[in-house]
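Chain residues, written in single-letter form:
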Amino acid sequence: MNLPGTICINAEGHLQVGDCDVVELARTFGTPLYIYDEEGIREKCREYHRALAAHYPKYKVLYASKAFSSLAMCRLMEQEGLGLDVVSGGELYTALAAGFPQGKIYFHGNNKSIEELNLALSAGVGYIVVDNPWELENLAQLAAGRKSRIKILLRLTPGIEAHTHHYIQTGQLDSKFGISLVGDAALEVVKRALELPCLELAGIHCHIGSQVFASESFRLAAERMVEFMAEVREETGQQLAELNLGGGLGITYTENDRPEPIAAFIHGIATAIKEACARYNLPLPTLLLEPGRSLVGEAGIAVYRVGAIKEIPGVRTYASVDGGMADNPRPALYQARYRALVANKADAPRVQKYTIAGKCCESGDILIEDIELPRLVPGDLIAVLSSGAYQYAMASNYNRLPRPAVIAVAQGRAEVIIRRETYSDLIRYDRIPPAWEKDATLPAVM
Ligand code: LLP
């Protein structure tokens, strides 16, 4: 099996990452456990930088923090010279609390509240990515009220169907996001933005979808966006400085996934933009990319301990683990598929087919259906690979399961970056109305 980053199998036959034995990590930090390979993430950031520097004169890479937002991850991305894409007041707050440079933050979202916009303005974020005309007017009013000027990008939907799961497609015409490039709507909004003195229209943005393999879709999107920039110049005389093509590059979840390497993906986009700009005689805009999954996805491992094993002769064998859809809803939501190893016998032959089930009270709580593994016994450790993006970020407390700990490992050292939730964390926000207290008289039922 081709393992990413520093993930490997050590002499004891245990899974190892960042020079740490995963069996030891599970013993020390408990399970379920999310482990990030620090070097693996840094290397992906550097791959983006290298490829962009090689193929395009002016660029910025932003980390789409929705993939996994935490103080430590914001700090790491800052160290690697990335900007940040945030999509909510909560992600913005996390970035600010981590001391992330405000000027390098791009604030996204299709329905930002007035409170969120105010938070962004008072924090001095670099850019707001305006999704719709309603937001444009709200923002203009708020900025005018503060006598401040804010840079914006306009989010457009280029009408491209990326080949990915329907729920994670975003660039097609029928989408809740952005202003459609079909018809005149986008040009109208550009014209309106140019009339508003408190807003500085820095450029345009699109994001066609996530876990995309068909890189042709990105190139097509790039062409459409440049074409629109040319139209804007033609109609308004305005030359837009920034072209943000979003994120979306796919990663390897199973052996069947063949994502385009970062360098080839960027080369393709850069070429498409250069050709289109030459066609319209436009100067090259600054190119922005906003990867999330392709930076942190393959660097994450989710480790679970096997408990009950149920064999249904002639049907299937379930191995239940101590996590499941609460910490990883992706299989249930998107039919996402994964590969896994048994961390304590990672090099043992795969002799039996199992279905890895979670511990939630729901038949659909299946992490991996039909995977060949070494023979399992209770206590074995299942390590699910490519667990770094949109897993912890989407975790819930369903069934009142505490969220797992998250650690980062490198060069034999392991650090907790999010501590495991406790049972008392689970009831921290609960309140019992005074009238329901034990000594209160309950209303009669019937
Ligand atoms: N920029 C924008 C505007 C986005 O909406 C997204 C992802 C990204 C960048 C980053 O895309 P990435 O490089 O990570 O593909 N929960 C789903 C994924 C939803 C992605 C939402 N937007 C999943 O688990 O697959």
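Residues numbered from 1 in each chain as written. Predicted model: local features only at pLDDT ≥ 70, side-chain atom pairs only at ≥ 80, totals over all residues. Heavy atoms only, no water.

**Concerning the packing of helix H5 (residues 114-123) against helix H6 (residues 133-145)**
This is how it is decided: In this analysis an axis means a line fitted to C-alpha atoms, helices contributing only their contacting stretch, and an angle means the value between N-to-C directions, from 0 to 180 degrees. Helix numbers and strand numbers start at the N terminus; a helix is a DSSP run of H or I with at least 4 residues, a strand a run of E with at least 2. Should an angle lie under 35 degrees it is considered roughly parallel, over 145 roughly antiparallel, and from 65 to 115 roughly perpendicular; all remaining angles are considered oblique. Definitions for this section: a left-handed crossing has its near helix turned counterclockwise from the far helix by less than a right angle. A right-handed crossing has that turn clockwise. A contact between two residues is defined here by any heavy atoms of the two lying within 4.5 Å. Residue polarity is assigned by list, with Asp, Glu, Lys and Arg as charged and Ala, Val, Leu, Ile, Met, Phe, Trp, Tyr, Cys and Pro as nonpolar; anything else, Gly included, falls into the polar class.
Closest axis-to-axis distance for the H5/H6 pair is 10 Å, and the angle between their directions is 50°. With respect to each other, H5 and H6 are oriented oblique. Relative to H6, the crossing made by H5 is right-handed. Within the contact between the two elements, H5 uses Ile 114, Leu 117, Asn 118 and Leu 121 and H6 uses Glu 135, Asn 138, Leu 139, Leu 142 and Ala 143. Partitioning the contact of H5 with H6 into residue classes produces six nonpolar, two polar and one charged.

**Concerning the pattern of salt bridges**
When the charged atoms of two side chains with opposite charge come close together, those side chains can pair. Keep this limit in mind: A carboxyl oxygen of Asp or Glu within 4 Å of a side-chain nitrogen of Lys or Arg is what we treat as a salt bridge. Residue exposure (1.4 Å probe, protein chains only): buried if accessible area is under 20% of the type maximum, exposed if over 50%, otherwise partly exposed.
Here the structure, examined in full by the defined rule, presents 23 salt bridges. Close ionic contact of Glu 24 with Arg 27 constitutes a salt bridge, the shortest N to O distance being 2.6 Å. In this pair, Glu 24 and Arg 27 both sit in helix H1 (residues 22-29), three residues apart, roughly one turn of the helix. When its relative accessible area of 58% is taken as the criterion, Arg 27 is described as exposed. Notably, a salt bridge pairs Glu 415 with Arg 413, separated by 3.9 Å at the nearest N-O pair. Each of Glu 38, Arg 42, Arg 46 and Glu 80 takes part in salt bridges that share partners, so that together they form one network.

**Section: the site of the ligand**
We count it as follows: We call a residue near a molecule or strand as soon as one heavy atom of that residue lies within 4 Å of the molecule or strand. Nitrogen and oxygen atoms within 3.5 Å of one another constitute a polar contact, given that in protein one can donate a hydrogen and the other can accept it, and given that sequence-neighbouring residues count only through two side-chain atoms. Computed by Shrake-Rupley with a 1.4 Å probe, the accessible areas treat only the displayed protein chains as cover when residues are assessed. As used throughout, domain bounds are those supplied by an automatic or database domain assignment.
In the vicinity of the ligand, 20 residues are found, and the nearest of them are Ser 210, Glu 290, Arg 293, Arg 330 and Tyr 390. Within the side chain of Asp 85, an N or O atom sits 3.4 Å from a nitrogen atom of the ligand. At a separation of 2.8 Å, an oxygen atom of the ligand approaches a polar backbone atom of Gly 248. Burial of the ligand by the protein amounts to 92% of the accessible area it has alone, namely 590 Å². Here the shell around the ligand is composed, by residue class, of six nonpolar, eight polar and six charged. When residues of the shell around the ligand are assigned to domains, at least three map to each of domain 1 (8-37 + 297-426) and domain 2 (38-295).

**Let's talk about the sheet that holds strand E3 (residues 20-21)**
Definition in use: Pairing between two strands requires that DSSP report at least two bridges joining them.
Strand order in the open sheet formed by three strands is E1-E2-E3, and the pairing between neighbours is antiparallel. Looking at which strands have only one partner, the edges of the open sheet turn out to be strand E1 (8-9) and E3. Judged from the two bridges that link them, E1 and strand E2 (residues 15-17) form a sheet pairing that is antiparallel. Among the inter-strand pairings, Cys 8 is bridged to a residue of E2, identified as Gln 16.

**Some remarks on the domain arrangement of the protein**
Rule in force here: Once two parts are joined, some of their accessible surface, as seen by a 1.4 Å probe, is lost; buried area is that loss totalled over both.
Looking at the assigned domains, one finds that the protein contains domain 1 (8-37 + 297-426) and domain 2 (38-295). Listed per partner, the contact involves 24 residues of domain 1 and 22 residues of domain 2. Both faces considered, domain 1 and domain 2 share a buried interface measuring about 2,100 Å² in area, 60% of it formed by carbon and sulfur atoms. When the buried surface of domain 1 facing domain 2 is broken down by residue, Glu 298, Arg 339 and Tyr 390 rank first, second and third, together holding 28% of it. There are two salt bridges connecting domain 1 and domain 2. Taking the shortest distance from any N to any O, the salt bridge between Arg 339 and Glu 255 comes out at 3.3 Å. Remark: the boundary between domain 1 and domain 2 carries 11 residue pairs in polar contact (both at pLDDT 80 or more).

**Structural notes on unusual backbone geometry**
The omega angle of the peptide bond from Thr 31 to Pro 32 is -10°, so this bond is cis rather than trans. Considering the arrangement of structural elements, one finds Pro 32 in the loop between H1 and strand E4 (33-37). Phi at Asp 19 takes a positive value of approximately 60°, unusual for a residue other than glycine. Of note, Asp 19 is situated in the loop between E2 and E3. Residue Asn 281 is not a glycine yet carries a positive backbone phi of 55°. Looking at the secondary structure, you find Asn 281 in the loop between helix H9 (262-280) and strand E13 (286-289). The exposure class assigned to Asn 281 is exposed, which follows from its relative accessible area of 63%.

**A closer look at the side chain of Asp 37**
For clarity, the cut-off: By the counting rule applied here, Lys and Arg register as positive and Asp and Glu as negative, while His and the ends of each chain are not counted.
By secondary structure assignment, the location of Asp 37 is in strand E4. Within the buried core, Asp 37 has no salt-bridge partner, and the shortest N-O distance to an opposite charge, that of Arg 42, equals 9.0 Å. Once residues within four sequence positions are removed from consideration, Asp 37 is found in contact with Pro 4, Gly 5, Thr 6, Ile 7, Val 17, Gly 18, Ala 299 and Val 409.

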